[in-house]
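Results of the structural survey
Listed here are the chains, written in short residue letters.
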Amino acid sequence: MNRAIGIFLIMILPICGFSQTDSTSLLAHIDKVTNDWDNLSKELQNYNGLKKYCVNKSFNKRVVETLNNFHHYDTVIYNTLVKKQRYKKSKEIEHALNDIKKFEKNYSPKSLMSFLKEECSYRREIEKGKKDSKSNFGESSYDGQINLLEAELFKYIKHITKLADRIQKHSHQLHLEKYSDE
């Protein structure tokens, strides 16, 4: 009899997806990686942060690993929500899935690396022409070029952070919803 219950549980657990413990662990991971990204993004969204990313290999590696970790967990969340949506249609699930799709499409690690590579290249150009551009005015001045770069960098990093925070929020709301129905 106990063996039959054990076999039944082994067969049913994969169908149910994450258990409450697994789901709580997933939320802890998404919280940690979102918090890590939030901290890195504050540092990365200005000229000095970009310079650090461009020249400091350990900082560069931390940025890449953090975003890769976030993408790993948002994929796990996405797959969990797709399974959950089969049994329960919900606007919240649909919003979460759309945000994750948008995040994966527009802000994948590859997209971020490509963007930051271009920004590092532009930063090098600014620094090469620093002596000549110091006497210029407006956008072509050294400070003007830095301001333009920072504005673009801030906007891009802000979008990533906003979507990451929304995915984290969805994860918590759906976790609570999941266990309030039981």
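Just above sits the structure.
A brief look at the structure comes next. (Residues numbered from 1 in each chain as written. Predicted model: local features only at pLDDT ≥ 70, side-chain atom pairs only at ≥ 80, totals over all residues. Heavy atoms only, no water.)

1. What to know about the state of the cysteines
Evaluated as defined, the whole model comprises one disulfide. Residue pairing for Cys54: its cysteine sulfur links by disulfide to Cys120, the two sulfurs lying 1.9 Å apart. Around the S-S axis, the bridge from Cys54 to Cys120 shows a dihedral of about -95° and counts as left-handed. Separated by 66 residues along the polypeptide, Cys54 in helix 3 (residues 47-55) and Cys120 in helix 6 (residues 109-128) bring together distant segments of the chain. By relative accessible area, Cys54 is classed as partly exposed at 23%. (Disulfide = S-S within 2.5 Å. Helix = DSSP H or I, 4+ residues; strand = E, 2+ residues; numbered from the N terminus. Buried < 20%, exposed > 50% of the residue type's maximum accessible area, 1.4 Å probe, protein only.)

2. Observations concerning helix 4 (residues 57-87)
Taking 1.5 Å per residue as the helical rise, helix 4 with its 31 residues ought to reach 45 Å, and the 46 Å between its terminal C-alpha atoms agrees with that figure. Of all the positions in helix 4, only Phe59, Val63, Thr66, Leu67, Phe70, His71, Tyr73, Asp74, Ile77, Leu81, Lys84 and Gln85 are classed as buried. (Expected span 1.5 Å × (residues − 1).)

Remember, this is a structural readout, not a statement about activity or role.
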